[in-house]
Amino acid sequence: MSHEVSATALRAMLAQETGEVFLVCVTIAHPSFTAPYLLVADQVPLVRTAGTFEPFAFALNLPNEQEDSPPVVQMSIDNIDTEILKSIRNLPAGKRPDIKIEVVLASSPNVVEKGPYDFQFLSTDYDQASITGTIGFEDDILNTAIPGQSYTPTNSRGLFI
């Protein structure tokens, strides 16, 4: 995951005016999909090394930073093309698509300025107009026991001599 932006992106962010355009790219993938869905928040296709990202209307609501819970993002995708919804609905129970979010510049689409951020759909809902869902991490990192196992005289005799 990149933590620094390119010099071009930094100049664009610090400039009073700029011609640079920051684009959010989303990849929705699952092994059972025939191909990943490549979406870009723009009005024209964006050709990248990963493929052609199709223009699509979607919104991401970023989380507030909280110490006691992992970040979750609310995502809304226009349900204009029902193929995405069909693919998600046809997944076996308990299986979730992977979501990758990247921010790039339109002038240099293969340079990832922020990301990639890898999530999964944790829950989805839909209607005729949109697919909405919560995306985040499948594992509950904050409630995972460390270490993952316990040491007892039964399973670790050498420790209890």
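This report concerns the structure included in the present document.

The rules we used
Residues numbered from 1 in each chain as written. Predicted model: local features only at pLDDT ≥ 70, side-chain atom pairs only at ≥ 80, totals over all residues. Heavy atoms only, no water. Phe/Tyr/Trp six-rings, centres within 6.5 Å; stacked < 30°, edge-to-face > 60°. Helix = DSSP H or I, 4+ residues; strand = E, 2+ residues; numbered from the N terminus. Salt bridge = Lys/Arg side-chain N within 4 Å of Asp/Glu carboxyl O. Buried < 20%, exposed > 50% of the residue type's maximum accessible area, 1.4 Å probe, protein only. Patch = residues over 30% accessible without salt bridge, like charges linked within 9 Å, V, L, I, M, F, W, Y side chains within 5 Å. Areas by Shrake-Rupley, 256 points an atom, 1.4 Å probe, with all protein chains shown as cover. Arc of directions from axis to C-beta. Contact = heavy atoms within 4.5 Å.

In this structure the tally under the stated criterion is 1 aromatic pair. Note on phenylalanine 33 and tyrosine 37: the rings are 5.6 Å apart at their centroids and 70° apart in plane angle, and the pair reads as edge-to-face.

The next subject is unusual backbone geometry. Look at the link from glycine 115 to proline 116: it is a cis peptide, with omega at 0°. Structurally, proline 116 is set in strand β8 (residues 108-126).

On inspection of all chains with the given rule, the structure shows 2 salt bridges. Salt-bridge contacts for arginine 48 lead to glutamate 102; the nearest nitrogen and oxygen are separated by 2.9 Å. Of this pair, arginine 48 sits in strand β3 (residues 46-48) while glutamate 102 sits in strand β7 (residues 98-105), and the two are 54 residues apart along the sequence. A relative accessible area of 9% places arginine 48 in the buried class. Between glutamate 83 and lysine 86 there is a salt bridge, with the nearest N and O atoms lying 3.7 Å from each other. You can see glutamate 83 and its partner lysine 86 sitting in helix α2 (residues 82-89), 3 residues apart, about one turn around the helix. For lysine 86, a relative accessible area of 45% corresponds to the partly exposed category.

Time to look at a nonpolar patch on the surface. Judged by side-chain polarity, Leu10, Met13, Leu14 and Phe22 come together as a nonpolar surface patch covering roughly 400 Å² of accessible area. In this fold, methionine 13 is placed in helix α1 (residues 7-14). Methionine 13 sits in the partly exposed class, given a relative accessible area of 46%.

On to α2. Turn by turn, an α-helix covers 3.6 residues, leaving residues three or four places apart pointing in a common direction. Taken together, the buried positions of α2 are Ile84, Leu85, Ser87 and Ile88. Down the axis of α2, the sector holding all buried residues measures 160°, keeping them to one side. Buried residues along α2 sit against β1 (22-29), β2 (37-40), β8 and β9 (130-136).

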